[in-house]
Amino acid sequence: MICRDRGLDGLAITDHNTLAHDLGEDMVILPGIEISSRDGHVIGLGVSETIPRGLSADETIRRIRGQNGVSIIPHPYDLFRSSVRPDRLTVRPDAIEVINSSSFLHSVTWKRARKFAEKENYPMTAGSDSHIPQTIGRAFTEIECKSSDTGSILTSLVSGSVSPIGGSVRANERFRKMFYRKSMGD
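Residues numbered from 1 in each chain as written. Predicted model: local features only at pLDDT ≥ 70, side-chain atom pairs only at ≥ 80, totals over all residues. Heavy atoms only, no water.

A. Structural view of the side chain of S128. Here S128 is to be found in the loop between β7 (124-127) and β8 (139-143). A residue is classified by how much of its surface remains accessible, and S128, at 13% relative accessible area, is buried. Beyond its immediate chain neighbours, meaning those up to four positions away, S128 contacts S101, S102, T135, I136, G137, R138 and A139. (Helix = DSSP H or I, 4+ residues; strand = E, 2+ residues; numbered from the N terminus. Buried < 20%, exposed > 50% of the residue type's maximum accessible area, 1.4 Å probe, protein only. Contact = heavy atoms within 4.5 Å.)

Next comes the structure, spelled out in structure tokens:
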């Protein structure tokens, strides 16, 4: 499996507006979803039911919390994707993604996200936002926890026992991702 080859112990599959459950692989799969709120994308981990799209980001975070899930603001400040501006929220999310390997102008957006997360004392995460096999694991969150069950992982994430790691996708991978989306009808 690609994930094992790249040294990953697990992953969170966060498809847009579709809840991903355990896929039965021999690795940790966190249930997750990337919700299209009217203010931008919000990731929910550890949720058991789909959360409707089109709610405010604040209400989306409340709904995630109502399912004892963990909320993450992915790719904040990204200029080319639907991104929540975390400084405008009235409900505090659980973490801020500070490295997203698919972000354009990452030298600007990552710095701004990290600066905000540090100032406001948020746990910081990273994600590949892959969509294609070639970029899985390009960015990831290293989590220190006592066990590999979902509850322990999510508790460690919220407590800040995490380190964002990774880099940006290459130009040829960006084109491959765009071609893949087009062929899938997105």
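Once the structure has been displayed, the description carries forward.
B. How the structure looks around the sheet that holds strand β6 (residues 95-100). The mixed open sheet is built from five strands, whose spatial order is β3-β4-β5-β6-β7. With partners counted over all chains shown, the strands left at the sheet margins are β3 (32-37) and β7, one partner each. Going from strand to strand, the sheet's axes swing by 35 degrees on average, the running direction of each strand aside. One ladder, built from two bridges, connects strand β5 (residues 70-73) with β6; its direction is parallel. By the bridge assignment, I73 is partnered in β6 with I96. (Pairing = 2+ DSSP bridges. Axes fitted to C-alpha atoms, helices over the stretch in contact; angles between N-to-C directions.)

C. Seen up close, the pattern of salt bridges. The full count for this structure, using the stated rule, is six salt bridges. Put simply, E59 and R63 hold a salt bridge, and the shortest N to O gap is 3.0 Å. Separated by four residues within a single helix, E59 and R63 lie in helix α2 (residues 57-66), roughly one turn from each other. Residue E59 is classed as partly exposed on the basis of its relative accessible area of 24%. Across the pair R65 and D94 runs a salt bridge whose closest N-O atoms are separated by 3.7 Å. Pair noted here: R65 is in helix α2 and D94 is in the loop between β5 and β6, with a separation of 29 residues, a long-range link. Residue D94 is classed as buried on the basis of its relative accessible area, which comes to 15%. Through salt bridges that share partners, E59, R62 and R63 make up one connected network. (Salt bridge = Lys/Arg side-chain N within 4 Å of Asp/Glu carboxyl O.)

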